[in-house]
Amino acid sequence: MGGFGSGRHGGRPTADASRRIDLAWMRRKGLVADGVMRSGILNWSCGGEPSGSISYRANMCEAGQERLVLEYTRENHGERGSVLQTIHLTSTRPNFGGKRWWMICPYHGHRVGKLNMPAGGDRFASRKAWRLGYHSQCVTDRDAIFERLFRIQKRLECEQGWGNYPSRPKGMHHRTFDRLREEFEYLDNMCAVEMMRTVGLLQGRL
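Residues numbered from 1 in each chain as written. Predicted model: local features only at pLDDT ≥ 70, side-chain atom pairs only at ≥ 80, totals over all residues. Heavy atoms only, no water.

Some details on the overall build of the protein
We count it as follows: Put simply, DSSP marks the helices as runs of H or I at least four residues long and the strands as runs of E at least two long, and each gets a number from the N terminus on. Note on classification: 1.4 Å probe, protein chains only; a residue is buried when its accessible area is under 20% of the maximum for its type, exposed when over 50%, partly exposed between these limits. Should any heavy atoms of two residues lie within 4.5 Å, those residues are counted as being in contact.
In terms of helices and strands, the protein carries five helices and eight strands. In sequence order, the protein lays out its α and β elements as β-α-β-β-β-β-β-β-β-α-α-α-α. Scored against the burial criterion, the 206 residues of the protein give a buried share of 30%. For the protein, the share of sequence-separated contacts (at least 6 apart) that also reach a separation of at least 24 residues comes to 42%.

Printed below as a string of structure tokens:
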């Protein structure tokens, strides 16, 4: 592994921006299943564009030896090389019944439902092993207001950006639109206050 935290640019990397393997999601999609061996390809995208893929083999038919074998290519100092990583699996029996599967972090040895590989990393490991934060932990109060506004704009099928006022999307109930518009107007006013505050700070530095 290229050192925990390698490839960090501009501060602490986040789990949201990492490539992620979610075992529960793979089970729901039928990519892995109890008692059988399956293989395939996992793909990632960013902004609607492909951003990477890996091959996997899931062996869940050997009791006590269940594992997920990952095969992918990584670049290190300009040289590309193949990586073969084995993730051991284990299961528990929840009180409400059924079976829950876990992956074992190859570096900390604890059970996790997801493994991550941040930009610049060369192995999948737990969020704790990589010391990954979440995007929500990295945004300031000011940024959070704008992000809430942009989420409302996206839901209302409006171009995202301060100053873009939405109209009611076709098929949306008037009551739903009125509620979202009220929230939008509140956030829009908050953004205006933050913008004026920023302008004031900039003018004070000139």
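There's more to say after this.
Notes on the pattern of salt bridges
For clarity, the threshold we go by: The salt bridge definition used is simple: a Lys or Arg side-chain nitrogen within 4 Å of an Asp or Glu carboxyl oxygen.
Counting across every chain of the model gives four salt bridges. A salt bridge links Arg-27 to Asp-34; its shortest N-O distance comes to 3.1 Å.

Here we look at unusual backbone geometry
Although it is not a glycine, Glu-157 sits at a positive phi angle of roughly 60 degrees. Its location among the elements puts Glu-157 in the loop between helix H4 (141-155) and helix H5 (174-205). The exposed category is assigned to Glu-157, whose relative accessible area is 64%.

Thoughts on the nonpolar core
To keep things clear, this is the line we draw: Throughout, nonpolar core names a set of buried Ala, Val, Leu, Ile, Met, Phe, Trp, Tyr and Cys residues whose side chains join them through atoms within 4.5 Å.
Counting residues in each nonpolar core, the largest one holds 22 residues, and the members touching the most others are Ile-21, Leu-68, Leu-70, Met-103 and Phe-124. When contributions to this core are tallied by element, the ones reaching two or more residues are helix H1 (23-28), strand E2 (37-46), strand E3 (49-59), strand E4 (67-76), strand E5 (79-92), strand E6 (100-104) and strand E8 (114-117). Ignoring anything within four residues of it in the chain, the contact list for Met-103 reads Ile-21, Leu-23, Leu-68, Ile-87, His-88, Leu-89, His-110, Arg-111, Val-112, Gly-113, Lys-114 and Leu-115. Residues Ile-145, Met-172, Phe-177 and Leu-180 belong to the second largest nonpolar core, which totals eleven residues.

What to know about the packing of aromatic side chains
How two aromatic rings sit relative to each other is set out by the distance from centre to centre and by the angle between their planes. Selection criterion: The pairing test for Phe, Tyr and Trp rings, Trp by its six-membered ring, is centres within 6.5 Å, and the orientation test on the planes gives stacked under 30 degrees, edge-to-face over 60, and tilted for anything in between. Either the NZ atom of lysine or the CZ atom of arginine qualifies as a charge over a ring when it sits within 6 Å of the ring centre and within 35 degrees of the ring normal.
All told, the structure shown has two aromatic pairs when counted by the stated rule. Residues Tyr-72 and Phe-124 carry aromatic rings whose centres are separated by 5.6 Å and whose planes lie at 90 degrees to one another, so their mutual orientation is edge-to-face. Taken together, the positions of Tyr-72 in strand E4 and Phe-124 in the loop between E8 and helix H2 (127-130) put the pair 52 residues apart, joining distant regions of the chain. Relative accessible area serves as the criterion here: at 0%, Phe-124 is assigned to the buried category. Geometry around Trp-102 places Arg-111 over its ring, the cationic atom sitting 5.4 Å from the centre.

Examining the pairing of E6
Operational definition: We treat two strands as partners when DSSP finds at least two bridges between them.
Note: E6 against strand E7 (residues 111-112), two bridges, orientation antiparallel. For Ile-104, the partnering residue across the bridge sits in E7 and is Arg-111. Counting the residues that bridge the hairpin from E6 to E7 gives six residues, and of these Gly-109 lies at a positive phi of roughly 75 degrees.

Some thoughts on the side chain of Asp-22
To keep things clear, this is the line we draw: Two N or O atoms form a polar contact when they lie within 3.5 Å of each other; inside protein one atom must be a possible hydrogen donor and the other a possible acceptor, and for residues adjacent in sequence the pair counts only when both atoms belong to side chains.
For Asp-22, the location among the structural elements is in strand E1 (residues 19-22). A polar contact is formed between the side chain of Asp-22 and the backbone nitrogen of Ala-24, at a distance of 3.1 Å. From its side chain, Asp-22 meets the backbone nitrogen of Trp-25 in a polar contact 3.2 Å long. Contact partners of Asp-22, with chain neighbours within four places excluded, come to Gly-113 and Lys-114.

Regarding the confidence of the model for the protein
For any part of a model where pLDDT is low, the fine detail of the predicted coordinates should not be relied upon. Rules: Scored from 0 to 100, pLDDT records how confident the predictor is in each individual residue.
Chain-level pLDDT for the protein is 77 on average; 73% of the residues reach the 70-or-more range. Across residues 1-15 the pLDDT falls below 50, and counting only partners more than four positions away or on other chains, this stretch makes 40 contacts in the model. Note on residues 135-139: pLDDT under 50 across the span, and eight contacts to partners over four residues away in sequence or across chains.

A look at the side chain of Glu-66
For clarity, the cut-off: We count Lys and Arg on the positive side and Asp and Glu on the negative side, and we leave His and both chain ends out.
Within the fold, Glu-66 resides in the loop between E3 and E4. Of the buried charged residues, Glu-66 lacks a salt bridge, with Lys-99 as the closest side chain of opposite charge at 6.3 Å. The contacts of Glu-66, once residues within four sequence positions are left out, are Asn-59, Met-60, His-88, Leu-89 and Trp-101.

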